[in-house]
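Residues per chain are reported as follows:
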Amino acid sequence: MNCKVLENRTIARGFNHLSLAPDKPLGPIIPGQFVMIRVRESMDPLLRRPMSVAGFKPDGSSFGLVIQRIGRGTEILASLAAGDRVDVIGPFGAGFPEPPGAAGELWIVAGGSGVAPFVGMLQPATRPVCRTRVFLGARNSGFLLCADHLSDGADVFLTATEDGSAGVKGVVTDLVERELANGYAPAMIFACGPAPMMRALEKSVSGRDVRLCVSLENRMACGFGACLGCVTKLKTEQRYVAVCRKGPVFDASTIQI
Ligand SMILES: Cc1cc2nc3c(=O)[nH]c(=O)nc-3n(C[C@H](O)[C@H](O)[C@H](O)COP(=O)(O)OP(=O)(O)OC[C@H]3O[C@@H](n4cnc5c(N)ncnc54)[C@H](O)[C@@H]3O)c2cc1C
Ligand code: FES
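Being a predicted model, the structure only gives us computed values, none of them experimental. (Residues numbered from 1 in each chain as written. Chains lettered and ligands numbered in written order. Predicted model: local features only at pLDDT ≥ 70, side-chain atom pairs only at ≥ 80, totals over all residues.)

Draft legend 1. Spotlight on the sheet that holds strand β2 (residues 15-22). The 6 strands are arranged β4-β3-β6-β1-β2-β5 in an open sheet whose pairing can be described as antiparallel. Lying at the two open borders of the sheet, with one neighbouring strand each, are β4 (49-52) and β5 (63-68). Strand-to-strand twist in this sheet, taken as the mean axis angle between neighbours without regard to direction, amounts to 40°. Strand direction decides the pairing type here: β2 and β5, joined by 6 bridges, are antiparallel. For N16, the partnering residue across the bridge sits in β5 and is I67. (Pairing = 2+ DSSP bridges. Helix = DSSP H or I, 4+ residues; strand = E, 2+ residues; numbered from the N terminus. Axes fitted to C-alpha atoms, helices over the stretch in contact; angles between N-to-C directions.)

Draft legend 2. Geometry of the site of ligand 1. Surrounding ligand 1, one finds 21 residues, the nearest of these being Q68, G71, G73, T74 and A116. Counting residues per element, the ones that place at least two in the shell around ligand 1 are β4, β5 and α1 (72-78). Per-element tally for the shell around ligand 1: the top contributor is β4, with 4 residues. Of the residues assigned to the shell around ligand 1, the class counts are 10 nonpolar, 7 polar and 4 charged. (Near = placed C-beta within 6 Å. Nonpolar A, V, L, I, M, F, W, Y, C, P; charged D, E, K, R; others polar.)

Draft legend 3. Examining the nonpolar core more closely. In this structure, V109 and V115 are the most contacted members of the largest nonpolar core, which totals 63 residues. The two domains that each donate at least three residues to this core are domain 1 (2-92) and domain 2 (105-215). If we ignore the near neighbours within four places in the chain, the residues touching V109 are F135, V172, V176, I189, A191 and L201. Ranked by size, the runner-up nonpolar core spans 5 residues in total, among them M220, C230, A242 and C244. (Core = buried A, V, L, I, M, F, W, Y, C linked by C-beta atoms within 7 Å. Buried ≥ 20, exposed ≤ 12 C-beta atoms within 10 Å, placed from the backbone. Domains from an automatic or database assignment. Contact = placed C-beta atoms within 7 Å.)

Draft legend 4. Quick peek at the environment of D87. Take D87: it is sitting in strand β6 (residues 85-92). Residue class for D87 comes out partly exposed when judged on the 14 C-beta atoms lying within 10 Å of it. Sequence-wise, D87 and E41 are 46 residues apart; in three dimensions their C-alpha atoms are separated by 7.7 Å. For D87, the residues in contact, after removing those within four places along its chain, are N2 and R38.

Draft legend 5. Here's a closer look at unusual backbone geometry. Each neighbour pair has its own omega, and for D44 with P45 the value is 0°, a cis peptide bond. With respect to the helices, strands and loops of the structure, P45 is situated in the loop between β3 (34-38) and β4. Of the consecutive residues G90 and P91, the connecting peptide bond is found in the cis state with omega at 5°. As for its placement among the helices and strands, P91 is situated in strand β6. Of note, the phi angle at C146 is positive, near 55°, even though the residue is not glycine. As for its position among the elements, C146 is in the loop between β8 (131-138) and α3 (147-153). Even without glycine at this site, L228 takes up a positive phi of about 60°. The residue L228 is located in the loop between β12 (211-215) and β13 (231-233) in this model. Residue L228 is classed as partly exposed on the basis of its 13 C-beta neighbours within 10 Å.

Draft legend 6. A look at the pairing of β4. Of the two faces of β4, both are covered, the one formed by R49 and M51 as well as the one formed by P50 and S52. Both β3 and β4 contribute to a ladder of 4 bridges, which runs antiparallel. Bridged to V35 within β4 is M51.

In C-alpha cells form, the structure reads like this:
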C-alpha cells in the first residue's frame, strides 16, 4: 500500500517518529506485528526494512513508526518529509498474545526502539484490562523514548538509565529484579529490546510462574516466510522457524534468544 508521510519528528538523537497515512485503511493490528517498508521508489536499497507498528488509529487511517537510524535504510526513512510517499506491505507476523485477565498483572519491559509495539498496546482504545507495570530503560534520560505515552497508559511506570539521569541508575532488568525481589508477581511479561536484555529477563523469571513473551528483531529479507533469512532455533526441537512467520513474538520458553 502506498502511504503518505503525515509527520516526521526527531524524538532523540538518532531516533525519529514517523506518522503515515495509508491510501486504504490498514487492517486490524495486533501490537507486535510489523510492516515491511520500501524506503524509496528505486531498487536501491533493494530489500524492504521491517519496522514494528508503533501506535495506530483504530480506524486504520494512520499509524506510527519509531525509527532508530543505524544504516542506510533507516537514514533514508528518517529523512522523509511530510507529503513524501513510501510503499509499505503488511501487517505481518504474530503479535503479542492476549494479556492476562483483570485479576493478573502484565509487565512490559522495553529498551531502545523496543518501545514501538507498546505504544499501540497502551493507547486508550486497546490498553489491557489488567494492571500494567511498565519498565523503560535507556542509556540516559534523553533516550527514554515515548515515555509520556507509556506512562499515560500504565498503572505503574518505572525507568532505569545507565547514567542515573532519570529513574534508577542501572539497566532496566535490574529494576525488574528489584520488583520481583519486592514480592510483585506478574502473570505475564512482554518484552522488546536488545537480545542481552531479553536473555537477562529469561534468567530473572526462571523457576517462577511467569509467562515471558519476547519480540525478536532478526534481520529479514522477504518478511513472509519465503527466504528463510530470519530463522531462529527452537529450544524444544532440533529445528528452526522463520521469525517473520511464526514470530516476531515468541514465548521465551520455546526459542533460543
Ligand atoms: C520484526 C522487526 C521489527 C523491527 N522494528 C523496528 C522498529 O520499530 N524500529 C527500528 O528502528 N528498528 C526496528 N527493527 C530493526 C530494523 O529493521 C533494522 O534496524 C533496519 O532494517 C536496518 O536497516 P538499515 O538499512 O538502516 O541498516 P543496514 O545498513 O541494513 O544495517 C546497519 C547495521 O545494523 C545491523 N542491523 C540490520 N538489521 C538489524 C536488525 N534487524 N537487528 C539488529 N541489527 C540490525 C546490521 O548488521 C548493520 O551492522 C525491526 C526489525 C524486525 C525484524
Ligand atoms: S524474512 Fe524471509 S523468511 Fe523471514
